[in-house]
Amino acid sequence: MSKSSELINRINELKKQKNAVILAHYYTSEDVQAVADFLGDSLALSIKAQEIDAPVILFAGVNFMAETAKVLCPEKKVLIPVPEAGCSLAESCQPEEFAAFKAKYPDHTVVSYVNTSVGIKALTDICCTSTNALQVVQSIPADRPIIFGPDRNLGAYIKKLTGRENMVIWNGACTVHEEFSYERLMKLKAQYPAAKVVAHPECPARLLTEADYIGSTAGILTWCGKDQAQEFIVVTEPGILTEMKKRYPQKTFIPAPADQSDCNECRYMKMVNLENILSCLENEAPEVILDEPTRRQAEKAIRNMISIF
Ligand code: 13P
Ligand code: SF4
């Protein structure tokens, strides 16, 4: 038996023994996705966390996602194999600076992308994900000004779609999506003229103008299934190609290149592997532990988002 089959068997045994469920994001590596009970985008996974009956959740993803699950399910044990698996976007927005920014706009409604720490969510009126950012912003009366954080690209995209001038945007970004190369994308488009371009809204506007479809990971997956095209250039983290190839084996998916590499991986997502998942299940640690008053504040912002749908 190969080393990875042994690890997978042991993980599956422990899941049963401990009544644990593994949630994994589409950006994790293929072998991690193989041990997941549920695979999804950040919105689907946070909703799933609440619906699950099991007392233990292991979150295969980055820190803010595991925190979100704990915020929504404080009674459950939420395990995170690599607590250092952060997020460049979440790190670009620290609570102290965000609180000072917020103080400058006291009459604004604060909308924060879920790619933030629990401390930022606690300073937020309503969270959003890339799946529902447009609907969340549209749910706020047009005359009420908005602070949108932390992603400047998603913020600019929503501002353009809604035409809302009364929206101030925090200057944060995801290094993965910022680093896709416009020039190399144009070359790929010339090489595959029949291919459609799908992009995540965390990409800069220049790249988004080249996209046939802009959406969250879940949105991109659905759209590629419905569209007649057979080839797609994918401008988001290439982990999503695992699910794309599984769902649509007859179609071709081409990862968009960055300046320095032929695809651009999220190094945080790729920190999670079968070894650290097994060790986390065996030890039931590391576990997400949150300060209760902060958790309660953050929960309001996430529940305000969920209640819209
Ligand atoms: P989704 O909301 O599409 O899951 O994206 C999460 C993310 O981290 C994008 O970089
Ligand atoms: Fe964060 Fe970007 Fe990685 Fe998504 S791809 S988890 S936003 S660093």
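Details of the structure are given in the entry above.
It should be emphasised that the depicted structure is a prediction, and the values quoted were computed from it without experimental measurement.

### Digging into the site of ligand 2
Around ligand 2, the neighbouring residues are Tyr27, Val62, Cys87, Ser88, Asn115, Cys174, Val176, Glu202, Cys266, Tyr268 and Met269. Placement of ligand 2 is best described as lying within the largest cavity. Here the shell around ligand 2 is built from residues that sort into eight nonpolar, two polar and one charged.

### Overview of the pattern of salt bridges
Enumeration according to the criterion identifies 19 salt bridges in this entry. Taking the shortest distance from any N to any O, the salt bridge between Arg184 and Asp262 comes out at 2.6 Å. Here Arg184 is found in helix α11 (residues 182-191), whereas its partner Asp262 is found in the loop between β12 (252-255) and α15 (274-283), with 78 residues between them in sequence. We note a salt bridge from Glu299 to Arg295, for which the minimum N-O separation is 2.9 Å. Here the residue Glu299 and the residue Arg295 both occupy positions in helix α16 (residues 292-307), the gap between them amounting to four residues, near one helical turn. Each member of the salt-bridge network shares a partner with another, and the members are Glu292, Arg295, Arg296, Glu299 and Arg303.

### Considerations on the sheet that holds strand β11 (residues 231-235)
Across the sheet, four strands lie side by side as β10-β9-β11-β12; this open sheet has parallel pairing. Two strands lie at the open edges of the sheet, namely β10 (213-214) and β12, each paired on one side alone. As paired strands, strand β9 (residues 196-199) and β11 are joined by four bridges and run parallel to one another. By the bridge assignment, Val198 is partnered in β11 with Val234.

### Looking at the nonpolar core
Ranked by size, the top nonpolar core spans 87 residues in total, and within it Ile22, Ile277 and Leu281 carry the most contacts. Here this core takes six residues from helix α4 (residues 63-72), the largest share from any one element. If we ignore the near neighbours within four places in the chain, the residues touching Ile277 are Ile11, Ile22, Val32, Val35, Leu58, Ala60, Pro81 and Val272. Counting residues in each nonpolar core, the second largest holds 13 residues, with Val198, Ile220, Met244 and Phe253 among its members.

### As for the sheet that holds strand β2 (residues 38-40)
In spatial order, the strands read β2-β1-β3-β4; together these four strands make up an open sheet with parallel pairing. In this open sheet, the two strands that pair with only one neighbour each are β2 and β4 (77-79). When strand polarity is set aside, the average angle formed by the axes of neighbouring strands in this sheet is 20°. Contacts from α15 reach β1 (20-25), β3 (56-60) and β4, with the element oriented near 160° to β3.

### Focus on the packing of helix α3 (residues 42-51) against α4
With their axes 9 Å apart at the nearest point, α3 and α4 run at an angle of 35° to one another. Crossing handedness for the pair α3 and α4: right-handed. Judged by residue contacts, Ser42, Ser46, Ala49 and Gln50 of α3 engage Met65, Thr68, Ala69 and Leu72 from α4. In the contact of α3 with α4, the residues fall into four nonpolar, four polar and no charged.

### Quick look at the layout of surface pockets
The calculated volume of the largest pocket comes to roughly 170 Å³. If you trace the largest pocket, you find 15 residues lining it, with Ser130, Thr131, Ile214, Gly215 and Ser216 closest to the centre. Among the secondary structure elements, those contributing two or more residues to the lining of the largest pocket are α8 (133-138), α9 (152-162) and β10. By residue number, the principal contributor to the lining of the largest pocket is α9, which donates four residues. A per-class count over the lining of the largest pocket returns nine nonpolar, six polar and no charged.

What counts and how
Residues numbered from 1 in each chain as written. Chains lettered and ligands numbered in written order. Predicted model: local features only at pLDDT ≥ 70, side-chain atom pairs only at ≥ 80, totals over all residues. Heavy atoms only, no water. Near = heavy atom within 4 Å. 1 Å grid on protein atoms, 1.4 Å probe; cavity = no way out; pocket = protein on both sides within 12 Å on 5 of 7 lines; lining within 4 Å. Sits in = over half its atoms within 2 Å of the grid points. Nonpolar A, V, L, I, M, F, W, Y, C, P; charged D, E, K, R; others polar. Salt bridge = Lys/Arg side-chain N within 4 Å of Asp/Glu carboxyl O. Helix = DSSP H or I, 4+ residues; strand = E, 2+ residues; numbered from the N terminus. Pairing = 2+ DSSP bridges. Core = buried A, V, L, I, M, F, W, Y, C linked by side-chain atoms within 4.5 Å. Buried < 20%, exposed > 50% of the residue type's maximum accessible area, 1.4 Å probe, protein only. Contact = heavy atoms within 4.5 Å. Axes fitted to C-alpha atoms, helices over the stretch in contact; angles between N-to-C directions. Left-handed = near helix turned anticlockwise from the far one by under 90°. Points joined across faces, edges and corners; volume = space filled by probe spheres on them.

These figures come from the coordinates and say nothing about function on their own.
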